[in-house]
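# Descriptive structure summary
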Amino acid sequence: MAQPKVLIIGAGITGPATSLLLRSLGLQVSIYELRPSPSPLGGAISLAPNALRILDKLGVYERLKTLGCSVAITQVLSAGTGKALGSLSFGDKSLHGYESLRIPRRELQNVLLERARELGVEVVFGKKLVEVVEQENGVIAKFEDGGEEGVRGDLLLGCDGIHSVVRSRLVQSDRLLVYTGVAVSYGVVKKTALTAPIPFDTTGFFNGRCGSIIASYCDAAMTEVYWAAVMEVQNQESKDGWKAVGEDRDAVKRDVLKRFEGSAVGCIKELIEESEDVYLYPVWKLGHGGNWHSKRCVLLGDAAHAMPPHGGSQGFSLALEDAVILARLFEKEGLDDLERVFVRFEEVRKPRVDKIYIQANKNWEGIKDIGWFANMVKEFFMWIYLIFFAKSVEESYMYDPHKVEI
Ligand SMILES: Cc1cc2nc3c(=O)[nH]c(=O)nc-3n(C[C@H](O)[C@H](O)[C@H](O)COP(=O)(O)OP(=O)(O)OC[C@H]3O[C@@H](n4cnc5c(N)ncnc54)[C@H](O)[C@@H]3O)c2cc1C
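Calculation criteria
Residues numbered from 1 in each chain as written. Predicted model: local features only at pLDDT ≥ 70, side-chain atom pairs only at ≥ 80, totals over all residues. Heavy atoms only, no water. Patch = residues over 30% accessible without salt bridge, like charges linked within 9 Å, V, L, I, M, F, W, Y side chains within 5 Å. Areas by Shrake-Rupley, 256 points an atom, 1.4 Å probe, with all protein chains shown as cover. Salt bridge = Lys/Arg side-chain N within 4 Å of Asp/Glu carboxyl O. Helix = DSSP H or I, 4+ residues; strand = E, 2+ residues; numbered from the N terminus. Buried < 20%, exposed > 50% of the residue type's maximum accessible area, 1.4 Å probe, protein only. Near = heavy atom within 4 Å. Polar contact = N/O pair within 3.5 Å; in protein donor to acceptor, adjacent residues only side chain to side chain. Axes fitted to C-alpha atoms, helices over the stretch in contact; angles between N-to-C directions. Parallel < 35°, antiparallel > 145°, perpendicular 65-115°, else oblique. Left-handed = near helix turned anticlockwise from the far one by under 90°. Contact = heavy atoms within 4.5 Å. Nonpolar A, V, L, I, M, F, W, Y, C, P; charged D, E, K, R; others polar. Arc of directions from axis to C-beta. UniProt positions renumbered as here; feature names shortened; annotations may be inferred. Pairing = 2+ DSSP bridges.

### Structural notes on a nonpolar patch on the surface
Judged by side-chain polarity, Trp372, Phe373, Met376, Val377, Phe380 and Phe381 come together as a nonpolar surface patch covering roughly 700 Å² of accessible area. Within the secondary structure, Phe381 sits in the loop between α13 (372-380) and α14 (382-398). For Phe381, a relative accessible area of 45% gives the class partly exposed.

Here it is as structure tokens:
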């Protein structure tokens, strides 16, 4: 009998990671990605211990380790005074088996795609999904360039990110997408371009009045520093409005520099000034809950539950957990009754996702421009906040989708 065929939409990071698990079940897998090739953009991502545990089982951790910087703690400092305010564990090896790993997104994506191809996954770039048609015994994906016929599979996974077409065209067209009021600006700098002292071992978080900056080495040799500023920024009228703001790189640089003007931490100014390219993008989130499946299609990763960054690097962890639970359910239940599998998938995943979603929103809502007095109070009590937040982060690192009852 022919192997069931799975169509995956999106070769970001959820799609390729999920394909590895499905290949291990003997399924035929094809990934379709709208971009013409893997994206070189996106800065650097932090992979938490619970993500690395899964990536290790998928056979890619050893390779990733050679491409990223291992991070045990994030030092928290005041951007204004340079004073240490506390620290946050990013993974205790003796407790979780791993520290965190800060790695350029393009490297992560390339390693996952390379492994997927080794295992026989078909990866097709330059294919923009425009429509999904479900039938009694299969599903058809139609692409912008592809004529009426489209590509046929037994089931389809929407790994196409926050602006998912699988979601908007088929699974739930009215799911709310909300601008969080915060935008992120980021860049990467060679360490040799910096003359001011770097006041952190691997990663520093600098709290400011009009935004905060995280800065981290992002390669194993610690020669490159990635930084990302999170800032309250007014919504633009349209996608084109954001595009225009982001494309004026010099203006973006000037705005970020102004927010950290007068900082006692010399390397902040240098990080921004010495970055050749500075990017800006708004952070959107999906409304809480929602529906994640139809008869033959299911959403994974950001397509199902995009949220603001959690602070404990849980975005990609959640996507990997989705993939593990779905693969375990396929193994247990087979593929004859897909809807039953998808219903159970949502039941297992939603409580975990909700918990992280609520915490992520709470943290993100705290990103507001504030006055010097409010900031002084915030920095005075930062150590207490860090104690509570550390507890919730530790808990999220402990979650193991291989051990959860399905
Ligand atoms: C500012 C910020 C910082 C973050 N930092 C971290 C972090 O440090 N650690 C962490 O774990 N998580 C982090 N996250 C969350 C993490 O980035 C996401 O959870 C993760 O990228 C989700 O991956 P994905 O593959 O589901 O979606 P995406 O990465 O968005 O990939 C979706 C893919 O689908 C493709 N696609 C879209 N539409 C179509 C279509 N119609 N046809 C074909 N292909 C299509 C896209 O081109 C893209 O390649 C952060 C998020 C933000 C906003």
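Back to the text.
### With respect to the site of the ligand
Close to the ligand lie 27 residues; Thr14, Glu33, Ser46, Arg105 and Asp302 are nearest. In the model, an oxygen atom of the ligand is placed 2.6 Å from a nitrogen or oxygen of the Glu33 side chain. Phe316 places a polar main-chain atom, nitrogen or oxygen, 2.9 Å from an oxygen atom of the ligand. About the coverage of the ligand: the protein hides 85% of its 1,000 Å² of free accessible area.

### Digging into the pattern of salt bridges
Per the stated rule, a full pass over the model turns up 18 salt bridges. The salt bridge partner of Arg259 is Asp255, with a shortest N-O separation of 3.3 Å. Taken together, the positions of Arg259 and Asp255, both in helix α8 (residues 249-259) and 4 residues apart, correspond to about one turn of that helix. The class of Asp255 is partly exposed, set by a relative accessible area of 35%. Residues Lys355 and Glu395 are paired through a salt bridge, measuring 2.8 Å at the closest nitrogen-oxygen approach. Taken together, the residues Lys355 in helix α12 (residues 338-365) and Glu395 in helix α14 connect sequence positions 40 residues apart.

### Observations concerning the packing of helix α11 (residues 315-333) against α12
Put simply, α11 and α12 touch, their axes get as near as 10 Å, and they point 150 degrees apart. Relative to α12, the element α11 lies roughly antiparallel. Crossing hand, α11 versus α12: right-handed. Counting all contacts with α11, which are made through Leu318, Glu321, Asp322, Ile325, Leu326, Leu329, Phe330 and Glu333, the residues of α12 involved are Leu338, Arg340, Val341, Phe342, Arg344, Phe345, Val348, Arg349, Arg352, Val353 and Ile356. Class assignment for the residues of the contact of α11 with α12 results in 12 nonpolar, no polar and 7 charged.

### Focus on α8
All of the buried residues in α8 are Val252, Lys253, Val256 and Arg259. Buried residues in α8, looked at end-on, bunch into an arc of 125 degrees, giving them a common side. Projecting away from the buried face of α8 at angles above 90 degrees are the exposed residues Asp250, Arg254 and Lys258. In this structure, the buried residues of α8 make contact with β13 (177-190), β16 (224-232), α7 (239-247), α9 (266-274) and β17 (279-286).

### Quick look at the UniProt feature "domain: FAD-binding" (unreviewed entry) in the protein chain
UniProt marks residues 5-329 with the feature "domain: FAD-binding" (unreviewed entry), using the numbering shown here. What you have in residues 5-329 is 30% helix and 32% strand, and the ends, taken at the C-alpha atoms, are 17 Å apart.

### Some remarks on the pairing of strand β15 (residues 212-217)
A large share of β15 lies buried, amounting to 6 of its 6 residues. Here β15 shows no split at all, with Ser212, Ile214 and Ser216 on one side and Ile213, Ala215 and Tyr217 on the other all buried. With 4 bridges joining them, strand β14 (residues 203-207) and β15 adopt antiparallel strand pairing. Within β15, the position partnered with Phe206 by the bridge is Ile213. Linkage of β14 to β15, two consecutive antiparallel strands, is achieved through a turn of 4 residues, within which Gly211 is found at a positive phi near 135 degrees. Pairing of β15 with β16, which is carried by 6 bridges, proceeds in the antiparallel orientation. The partner of Ile213 across the bridge, within β16, is Ala229. Hairpin connection of β15 to β16: 6 residues between the antiparallel strands, including Met222 at a positive phi of 55 degrees.

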